[in-house]
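The primary structure of each chain is shown beneath.
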Amino acid sequence: MIDLRALREDPDRLRASQRARGEDEKVVDTLLELDTRRRAALSSFESLRAEQKSFGKSVSKAQGDERQALLTRAKELAQQVKDAEAEADRLGAELDAVLKNVPNLIEDGAPAGGEDDYVVLEHVGEVPTFDFEPRDHLELGESLGAIDMERGAKVSGARFYYLTGVGARLQYALLNLAMEQAVENGFVPMYPPVLVKPEAMEGTGFLGAHAAEVYQLPEDDLYLVGTSEVPLAAYHMNEIIDALPRRYTAWSSCFRREAGSYGKDTRGVIRVHQFDKVEMFSYCDPADAHEEHLRLLNWEKEMLAKVEIPYRVIDVAAGDLGASAARKYDCEAWVPTQGRYREVTSTSNCTDFQARRLSVRFKDADGRSRPVATLNGTLATTRWIVAILENHQRADGSVRVPEALRKYLGLEVLEPVKR
């Protein structure tokens, strides 16, 4: 959640952030009023409690009628203390409830606007041209014996699939390459749980506007993660970290309900309920978060260069950011049969927003305990198979394997299989 002290010092910054996101800026006045009332209630409670302690000494020294009168007053004072504490707690709970629904302050320089107001920062690689009619990734995947949507739907329903034969091997190769790169750059590899408690899911900001995307197991009070960002962010929950930065990378299955996306990208493995992903996650000093964000982006670009696909980098507009993100960069790969770029990586700077909710702190140079900054970034996902197959396809239906993947896959070309 946002820093109340910073809000008091500069409320106009949150107002501007809310406007850029397309959110209601009146929440700033609500927060300031609740904060003022809560602090006044706390002050009243503390003053009455101090009076109560002092009054108790007078009662112990009094006798007779005076003592009885003092005892009556002490009883009244005790009730006033109880009422003042209850009021402070009530206002604190009300303030926290409002705070939990206020998104992070956007970073200076992030574009304002909605989903279509992103800024293209660069194009990398040349879009391929074909002297034949290119096949889409599903047609290629089926002819290569790599993707089986029909049996995925038979077994699990719409938007589920099997990766078979070279499809499964291609995913293993891709994610192993991503893990290798992350480890070479100092990330600690992790295999995290994919079921988490509500406090982990809520702490990372996924139970707000996007709660409908999350699979829940009510009987167990657990949630299936849509990204390993969640267990990685909660890994140091309620801890003080003794050295920064801390960088972790996790390979996990991810689950998303894709609520509200019916009729969109139903063909193939672009928008599915289950996929695998290698995620980067960083805890760092908030003063270093901007530069750390750019480092994560560069590691994503390094990975995309290895699989030799053309892409562009966009600066995502404020209204399209998740609640936790102050800024986000997406890398979007070219998909030939769609004639457009599609997101394959995303990296977000969440500043100290998640750390405040999860109580992840560090000691600064003065020995003060402060929230860390958290950042995340995609290094590879199942969706990359779409861009790899389509951009590297050949006229005979075969697909050239990018050189960096060959040592994991053991193949230079994926060949159609006989039915």
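Computed from a prediction, not measured in an experiment: that's the story for all the values here.

Novice: Explanation requested: the sheet that holds strand β6 (residues 215–217) in the structure shown.
Specialist: Pairing between the strands of a sheet is mediated by backbone hydrogen bonds and can be parallel or antiparallel. The antiparallel open sheet is built from 3 strands, whose spatial order is β5-β7-β6. The open sheet has two free edges, formed respectively by β5 (195–196) and β6, since each of these has just one partner strand. Sheet topology places β6 next to strand β7 (residues 222–224); 3 bridges connect them, and they run antiparallel. Residue pairing in the sheet places Y215 in a bridge with L224 of β7.

Novice: In this structure, what is going on with helix α6 (residues 149–156)? I would like to understand it.
Specialist: Each α-helix turn comprises 3.6 residues. Residues three or four places apart therefore point the same way. Where α6 starts, the residue carrying a side-chain oxygen 3.3 Å from the main-chain nitrogen of E150 turns out to be D148. Positive phi appears at G157, one or two residues downstream of α6, with a value of about 110°.

Novice: Just to check I follow, could you spell out the pairing of strand β12 (residues 327–335) for this structure?
Specialist: Along any regular strand, the residues point their side chains to alternate faces of the sheet. Among the 9 residues of β12, 9 are classified as buried, and the element is accordingly described as predominantly covered. Note: strand β11 (residues 311–315) against β12, 5 bridges, orientation antiparallel. Each bridged residue has a counterpart across the sheet, and for Y311 the counterpart in β12 is A333. In this sheet, strand β13 (residues 340–349) lies alongside β12 in antiparallel orientation, the contact comprising 9 bridges. Note that in β13 the partner of E332 across the bridge is E343. Between β12 and β13, which pair antiparallel and follow one another directly, the connecting turn spans 4 residues, one of which, G339, has a positive phi of 60°.

Novice: It is not clear to me how the packing of aromatic side chains should be interpreted in this structure. Could you clarify?
Specialist: The geometry of an aromatic ring pair comes down to the distance between the two centres and the angle between the two planes. Scanning the model with the defined rule gives 6 aromatic pairs in all. Centre to centre, the rings of W334 and Y341 are 5.1 Å apart; their planes meet at 65°, and the pair counts as edge-to-face. Judged by its relative accessible area of 14%, Y341 falls in the buried class. Here a set of aromatic residues connected by ring pairs shows up, and it is made of Y235, Y248, F281 and Y283.

Novice: What should I look at first to understand helix α2 (residues 11–21) in this one?
Specialist: For α2, every residue scored as buried is listed here: P11, L14, R15, S17, Q18, A20 and R21. Immediately downstream of α2, the backbone of G22 shows phi near 80°, a positive value.

Novice: Quick question: what am I supposed to make of empty space enclosed by the protein here?
Specialist: Over the atoms, a rolling probe the size of a water molecule traces out where space has been left empty. Overall, the coordinates contain 1 cavity of 30 Å³ or more when judged by the stated rule. Around the largest cavity, the lining residues are I270, V335, R342, V344, R383, V386 and A387. Listing elements by their share of the lining of the largest cavity, those giving two or more residues are β13 and α12 (384–391). In the lining of the largest cavity, the residues fall into 5 nonpolar, no polar and 2 charged.

Novice: How do you make sense of the side chain of T381 when you look at a structure like this?
Specialist: With respect to the secondary-structure elements, T381 resides in strand β16 (residues 373–381). For T381, a relative accessible area of 8% translates into the label buried. Residues contacting T381, with those up to four places away along its chain left out, are L174, L175, D276, K277 and V344.

Novice: How do you make sense of the layout of surface pockets when you look at a structure like this?
Specialist: Space inside the second largest pocket adds up to approximately 390 Å³. Around the second largest pocket sit 19 residues that line it, and R13, N104, L105, T351 and D352 are the ones nearest its centre. Elements with a minimum of two residues in the lining of the second largest pocket: α1 (4–9), α2 and α10 (289–306). The residue makeup of the lining of the second largest pocket, split by class, is 9 nonpolar, 4 polar and 6 charged.

Basis of the calculations
Residues numbered from 1 in each chain as written. Predicted model: local features only at pLDDT ≥ 70, side-chain atom pairs only at ≥ 80, totals over all residues. Heavy atoms only, no water. Pairing = 2+ DSSP bridges. Helix = DSSP H or I, 4+ residues; strand = E, 2+ residues; numbered from the N terminus. Polar contact = N/O pair within 3.5 Å; in protein donor to acceptor, adjacent residues only side chain to side chain. Buried < 20%, exposed > 50% of the residue type's maximum accessible area, 1.4 Å probe, protein only. Phe/Tyr/Trp six-rings, centres within 6.5 Å; stacked < 30°, edge-to-face > 60°. 1 Å grid on protein atoms, 1.4 Å probe; cavity = no way out; pocket = protein on both sides within 12 Å on 5 of 7 lines; lining within 4 Å. Points joined across faces, edges and corners; volume = space filled by probe spheres on them. Nonpolar A, V, L, I, M, F, W, Y, C, P; charged D, E, K, R; others polar. Contact = heavy atoms within 4.5 Å.

Take it as geometry only, folks, not as evidence of what the structure does.
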